[in-house]
Amino acid sequence: AQSVTQLGSHVSVSEGALVLLRCNYSSSVPPYLFWYVQYPNQGLQLLLKYTTGATLVKGINGFEAEFKKSETSFHLTKPSAHMSDAAEYFCAVSPGGGNKLTFGTGTQLKVEL
Amino acid sequence: AAGVIQSPRHLIKEKRETATLKCYPIPRHDTVYWYQQGPGQDPQFLISFYEKMQSDKGSIPDRFSAQQFSDYHSELNMSSLELGDSALYFCASSRGVLEGGTDTQYFGPGTRLTVL
């Protein structure tokens, strides 16, 4: 079974500041890990994913995440926040390709001037 | 690039009515997934199909049924609607690695169902 815990349902940062959204997972098999972003009244857009190989994954819009097996974490970071980054971010896990995604409860990112 | 298409985008129904949601996957994608996102909640997996066969089943009520057709589009049928069925319903599609894809699930814009 898989599960995801996202610490912090709401995160607020200043424009230009570091963004750090935390995600810890639990999986009985080597996981596939994902970050999706959801803008108001829109669908889920894939930011990045980890399947195998390099543990530092770069995604769209300047985001990246690092898979740390020893910490069972997959935190999402961006060096400099932009106003357009304000959205809800979901971390998700699956037990491999072609399988259902299990989502965390989401983190609402607010970017302030 | 073509994306996942869902119709209708918005649907309003009365209690005990039925609803049909449609999903058209990205061309050449062979797997379709349905998720339900309640207000302020994370998406919950309902059901998935691979090559027109049900591949996995999650927390889908018995009042709901779904299928994938020969052209790979999928329909989610919901009967005896309840107030608690009001949610955003997402469809996602993917193409397997063995078929030359990446297994990544791409989501449609969702259908917002409101049950009055």
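Note: the structure precedes this text.
Thresholds applied
- Once a new chain begins, its residue numbering starts again from 1 and follows that chain's sequence as written.
- All chains are assigned letters beginning at A, and all ligands numbers beginning at 1, according to the order in which they are written.
- Per-residue local features are limited, in this predicted model, to residues with pLDDT of at least 70; the limit for side-chain atom pairs, both in listing and counting, is 80 or more; totals at the level of whole chains, interfaces and linings are taken over all residues.
- To obtain the side-chain values, all non-hydrogen atoms of the structure were included, while hydrogens and water were left out.
- Only DSSP runs of H or I reaching four residues or more are called helices, and only runs of E reaching two or more are called strands; each is numbered from the N terminus.
- For every residue, the accessible area (1.4 Å probe, protein chains only) is compared with the maximum for its type, and the residue is labelled buried under 20%, exposed over 50%, or partly exposed between those bounds.
- A pair of strands is labelled paired if DSSP reports no fewer than 2 bridges between them.
- Fitted lines through C-alpha atoms give the axes, limited to the stretch in contact for helices. The angle between two N-to-C directions lies from 0 to 180 degrees.
- The rule is simple: put a 1 Å grid over the protein atoms alone, call a set of points where a 1.4 Å probe fits but cannot get out a cavity, call an open set with protein on both sides within 12 Å along at least five of seven lines a pocket, and count a residue as lining if it has an atom within 4 Å of a point.
- Grid points are joined across faces, edges and corners, and a volume is the space filled by probe spheres set on the points.
- Here the term charged refers only to Asp, Glu, Lys and Arg, the term nonpolar to Ala, Val, Leu, Ile, Met, Phe, Trp, Tyr, Cys and Pro, and the term polar to all other amino acids, Gly among them.
- Only the six-membered ring of Trp is used, alongside the rings of Phe and Tyr, when aromatic pairs are assigned; centres must lie within 6.5 Å, and planes under 30 degrees apart are stacked while those over 60 apart are edge-to-face, with the rest tilted.

> Tell me about the side chain of Asp85(B), residues and numbers included.
Looking at where Asp85(B) falls in the secondary structure, it is placed in the loop between strand 8 (74-78) and strand 9 (87-94). On the basis of relative accessibility, which here comes to 4%, the residue Asp85(B) falls in the buried class.

> I'd like to hear about the sheet that holds strand 3 (residues 19-24) of chain B, residue by residue, with values.
All names here are of chain B. The strand order across the open sheet formed by four strands is 1-3-8-7, and the pairing between neighbours is antiparallel. With partners counted over all chains shown, the strands left at the sheet margins are strand 1 (5-7) and strand 7 (64-68), one partner each. For this sheet, the mean inter-axis angle between neighbouring strands, taken without regard to orientation, is 15°. Where strand 1 meets strand 3, three bridges bridge the pair, whose relative direction is antiparallel. Pairing of Ile5 across the sheet is with Tyr24, part of strand 3.

> Describe in detail empty space enclosed by the protein, supporting the description with residues and values.
This structure, assessed with the given rule, holds one cavity of 30 Å³ or more. Its volume calculated, the largest cavity comes out at about 60 Å³. Lining of the largest cavity is provided by 15 residues; of these, Tyr32(A), Phe34(A), Asp103(B), Thr104(B) and Gln105(B) occupy positions nearest its centre. When residues in the lining of the largest cavity are grouped by element, the largest group, three residues, is from strand 5 (residues 32-38) of chain A. Per-class residue counts for the lining of the largest cavity are four nonpolar, nine polar and two charged.

> Would you mind going over the packing of aromatic side chains in detail, with residue names and values included?
Here the distance between the centres and the angle between the planes together describe a pair of aromatic rings. Counting across every chain of the model gives twelve aromatic pairs over all chains. Residues Phe90(B) and Phe107(B) carry aromatic rings whose centres are separated by 6.1 Å and whose planes lie at 85° to one another, so their mutual orientation is edge-to-face. Here Phe107(B) lies in strand 10 (residues 106-107) and Phe90(B) lies in strand 9, a separation of 17 residues in the sequence. Counting every residue linked through ring pairs, the aromatic cluster contains Phe34(A), Tyr36(A), Phe90(A), Phe103(A), Tyr35(B), Phe45(B), Phe90(B) and Phe107(B).

> Any chance you could break down the layout of surface pockets for me, citing the residues and the numbers?
In this structure, the largest pocket spans a volume of roughly 340 Å³. What lines the largest pocket is a set of 22 residues, and nearest its centre among them are Gln38(A), Glu88(A), Gln37(B), Gly40(B) and Arg112(B). Elements that contribute at least two residues to the lining of the largest pocket include exactly strand 10 (87-94) of chain A together with strand 9 and strand 11 (111-115) of chain B. Per element, the largest residue contribution to the lining of the largest pocket is three residues, and it comes from strand 11 of chain B. Here the lining of the largest pocket is composed, by residue class, of seven nonpolar, 13 polar and two charged.

None of the figures reported here should be taken as evidence of function without further support.
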